[in-house]
Each structure stands twice: as structure tokens, then as C-alpha cells.
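# Residue-level structure breakdown
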Amino acid sequence: MHARPACPSRRSADLAGRAVAISADVPAIFDAPLPPHHKLIGRWVAAREASSGLYTRAAAHQHIEGIFNAAVLEILDPIEIADFRVAVILKEGDGTPAIAVICQNLGQIELGWIETGDAPIPWRAAAYRALEQCLGRVLPIFSYEDLFNEISIYYWDGETDDERARQSLIAYHGADADELDELTLPSEMNARRPEWMIKENAAPSARLPSGLRQKLKRFHAAHKAVGSLRPERNAWDFDLEVAYDYIPGIEECSSLPPLTLVPFDHFARELDDVARNGMEMGFMEVAGLCPLRDAHHIDDWFASVRLGAEFLLAAQELIQVDPAKL
């Protein structure tokens, strides 16, 4: 899986490391009228200013960008598990601004000791299971179950047992009955899962070392905190119907997220097969899209960004743990 251009969208504003465009009608302290989408974030910046000095148009533009960028980067910079870009975009029609959090990674998340270490399988399976169940709350990511379902549709017409999959390969794909043993069937694909990927192998909390229990406790608490956010103030909430109004062409993108927890070493062919459309048309890479109508809502947006960052840092800590110190 290799990086491809993002889904087509109006580049109204690329923040946090790129050029920024924001919105109209900024308060008087910013001097002359600015481009249409400096309004919302300009008012937020103005409310944070201790002084009320005047700015030229160009200086106001740079000042708004700098304040917002710095606030975003301060929160997101410590995160290594994924790279993000933040963009301010406008709604088709009425121009209502929204802030999008976009994932810039593509491929498998590195799983550290869970994938390559020699810690007991029940420990590794418990950590993997937690990541598999929870990371989708913030990251655009797919699991083994998602991959299996995609492959089932792709090869076996939605069937999930070997006999019906064989019938489908013969009836719909023209496979030769004598060559079926060379083709992937559901049981063969499932058998390739390493033991730490199988949820039944995960140890219950009481049987885990105290250090790992604490890491998992922090991870689940952070996950719950993000889940408690109101959707309309949540930087990590993504509603596809809302996205249609803000990102022209997103309906042409693959429905597949760009990230996965499935180990490439074990499922390279399947991952390449399901990723083909995304490589051609772009992946569903938006981690969150939050429409904003008032400047004071930006503080709520930042609060939710912090909660998401704390959750990702807890996941990062879980992946980077030294099992010998548990």
C-alpha cells in the first residue's frame, strides 16, 4: 500500500504546517477586510488577544494563521501513531465553515511488542483486542473483520464458509474446480492469523500483569472520554452525509479507511486487493469533520482535539511499552 493523493476537495484552508485560509468579517482590530474565510477563526484569535492593536490585512492574515497553527501543533505534535493535517473548509451553498482533521498516513499501524515481541500470547492478544475495539473512535482505520468482509464480497460473493465460497468461485468467477485448492478460501485466510490477533486468546484483566492493566485502564478511560463528547462539538466525529456538503467528490473515494491494524506480513495479497480502489480514487481519510457557526465553538473544538490526542497518546504508550517492565 503506497500513499496516494487525498480525496478531491476544495482546499479552502490547510492548517497546521500548510497555507491557511479562514473566513470573512474579522473584528475591527484586524483592520481591513480579509478573505472570506478568516471570519470565524479571526474572531477566536481576537478574543484571546490581550491588546487591541491594529493590523494590516497581510499581517492579520499571518497572525491568525500563526495563532491557530501553533495551538493545533502544540496538541498534535507528540502523537507518533498517526500524522494529521487540519483544514478549514466551507459548506457548499451557504459557506458555513467546518474544521476537518485529516489522517495523512497509509497502511498498517506499527504494533511494536504486540506483533514482534516474545511476551506471552494472552498479553499481546489483550492489547491488540483493545486497540482493535477502540481506535476507530478517533482514527480512520479498519480491522481484520473488516478486511475479511471485504474479501468475502470481493472473492466469494459474500459467503463466509468454504463450501459456499467454492461454489461462488466456480459460478461467478469462472474458477476451475480442479484449481480451487490454489485459491484463498475463508478457512485458509482465518488460519493465517497469528495467535495474538485472535480475541479468544486475550487474557482477562485479572490475569494480566499490573503494569499492562494500568496501561489498558488509561487507554479505555481516554476512549470513554472521547465517546462522551457531543457530536456537534467533537473534532473526531465523522458523518458522511455532512461530508457530502463540505467535500466535493468525496462520494467517489473508496469507502476504505487508509489505516489498518491487520499485519501486512500475513495478509499482503488481501490488503493489496482491497486497497486497489483507494489507491486509484483516494481513501476515506477524514478522521473528523466539525461544522462551526460561532467563534466560541472553537474552544470546544480544541477541547475535543485534546481528548482525542490523550486517547492516541494512551494507545501509543500501550504499543511502545516494554513488556519486560510490566
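## Comments concerning helix α5 (residues 144-156)
An ideal rise of 1.5 Å per residue puts 18 Å on 13 residues; α5 measures up with 17 Å between its terminal C-alpha atoms. Where α5 is concerned, the buried positions are Tyr144, Leu147, Phe148, Ile151, Ser152 and Trp156. Buried residues of α5, viewed axially, fall in a sector of 140°; they line one side. At the C-terminal side of α5, Asp157 shows a positive phi close to 55°.

## Digging into the packing of aromatic side chains
Applying the stated criterion to the full structure yields 12 aromatic pairs. Taken together, a centroid distance of 5.1 Å and an interplanar angle of 75° make the contact between Tyr128 and Trp196 edge-to-face. Here Tyr128, found in helix α4 (residues 121-134), pairs with Trp196, found in the loop between α7 (186-191) and α8 (210-227); they are 68 residues apart in sequence, far enough to count as distant. Grouping residues by exposure puts Tyr128 and Trp196 together as buried. Ring centres of Phe219 and Phe311 lie 5.0 Å apart, and the angle between their planes is 25°; this geometry places the pair in the stacked category. Linking Phe219 in helix α8 with Phe311 in helix α11 (residues 297-320), this pair joins segments that are 92 residues apart in sequence.

## A few points about the sheet that holds strand β5 (residues 259-260)
Strand order in this open sheet of three strands is β3-β5-β4, and the pairing throughout is parallel. Only two strands of the sheet have a single neighbouring strand rather than two, namely β3 (107-108) and β4 (141-142). Where β4 lies against β5, two bridges are found, and the strand directions are parallel. Counterpart to Ile141 in the pairing with β5 is Leu259.

## Remarks on the nonpolar core
Counting residues in hydrophobic clusters, the biggest one holds 81 residues, and the most contacted among them are Phe68, Phe84, Leu131, Leu135, Trp236 and Trp301. Ranked by residue count, the leading element in this core is α11, at 11 residues. Beyond its immediate sequence surroundings of up to four residues, Leu135 is in contact with Ile109, Ile141, Phe219, Leu261, Phe311, Leu312 and Ala315. Of all hydrophobic cores here, the second largest spans 13 residues; its members include Ala87, Ala100, Cys253 and Val286.

## Regarding unusual backbone geometry
Backbone geometry at Asp157 places phi at a positive 55°, although glycine is not the residue there. Among the structural elements, Asp157 can be located in the loop between α5 and α6 (162-173). Judged by its relative accessible area of 46%, Asp157 is partly exposed.

## Some details on the packing of α4 against α8
Two numbers describe how α4 lies on α8: the axes approach to 11 Å, and their chain directions differ by 5°. In terms of their interaxial angle, α4 and α8 are classed as roughly parallel. Contacts from Trp123, Ala126, Ala127, Ala130, Leu131 and Cys134 of α4 reach α8 at Leu212, Leu216, Phe219, His220 and His223. Along the lines of polarity and charge, the residues of the contact of α4 with α8 split into nine nonpolar, two polar and no charged.

## Observations concerning the side chain of Glu270
Mapped onto the elements, Glu270 comes out in helix α10 (residues 264-281). Glu270 gets classed as buried once you look at its relative accessible area, which sits at 2%. Residues in contact with Glu270, not counting those within four places in the same chain, are Leu147, Ile151, Thr184, Met189 and Arg192.

## Considerations on the confidence of the model for the chain
Looking at the chain, the pLDDT average stands at 85 and 84% of residues meet or exceed 70. Here residues 1-32 is modelled with pLDDT under 50, and outside its nearest four sequence neighbours on either side it reaches 121 contacts, counting other chains as well.

## Here we look at the pattern of salt bridges
What the rule picks out here adds up to nine salt bridges. For Glu188, the salt bridge identified is with Arg192, shortest N-O distance 2.8 Å. Residue Arg192 is classed as partly exposed on the basis of its relative accessible area of 23%. For the salt bridge of Glu317 with Lys215, the shortest nitrogen-to-oxygen distance reads 2.8 Å. Note that Glu317 is positioned in helix α11 and Lys215 in helix α8, a separation of 102 residues in sequence. Residue class for Glu317 comes out partly exposed when judged on its relative accessible area of 30%. Connected through shared salt-bridge partners, Glu188, Arg192 and Glu270 make up one network.

Quick notes on the rules
- Residues numbered from 1 in each chain as written.
- Predicted model: local features only at pLDDT ≥ 70, side-chain atom pairs only at ≥ 80, totals over all residues.
- Heavy atoms only, no water.
- Helix = DSSP H or I, 4+ residues; strand = E, 2+ residues; numbered from the N terminus.
- Expected span 1.5 Å × (residues − 1).
- Buried < 20%, exposed > 50% of the residue type's maximum accessible area, 1.4 Å probe, protein only.
- Arc of directions from axis to C-beta.
- Phe/Tyr/Trp six-rings, centres within 6.5 Å; stacked < 30°, edge-to-face > 60°.
- Pairing = 2+ DSSP bridges.
- Core = buried A, V, L, I, M, F, W, Y, C linked by side-chain atoms within 4.5 Å.
- Contact = heavy atoms within 4.5 Å.
- Axes fitted to C-alpha atoms, helices over the stretch in contact; angles between N-to-C directions.
- Parallel < 35°, antiparallel > 145°, perpendicular 65-115°, else oblique.
- Nonpolar A, V, L, I, M, F, W, Y, C, P; charged D, E, K, R; others polar.
- pLDDT = per-residue confidence, 0-100.
- Salt bridge = Lys/Arg side-chain N within 4 Å of Asp/Glu carboxyl O.

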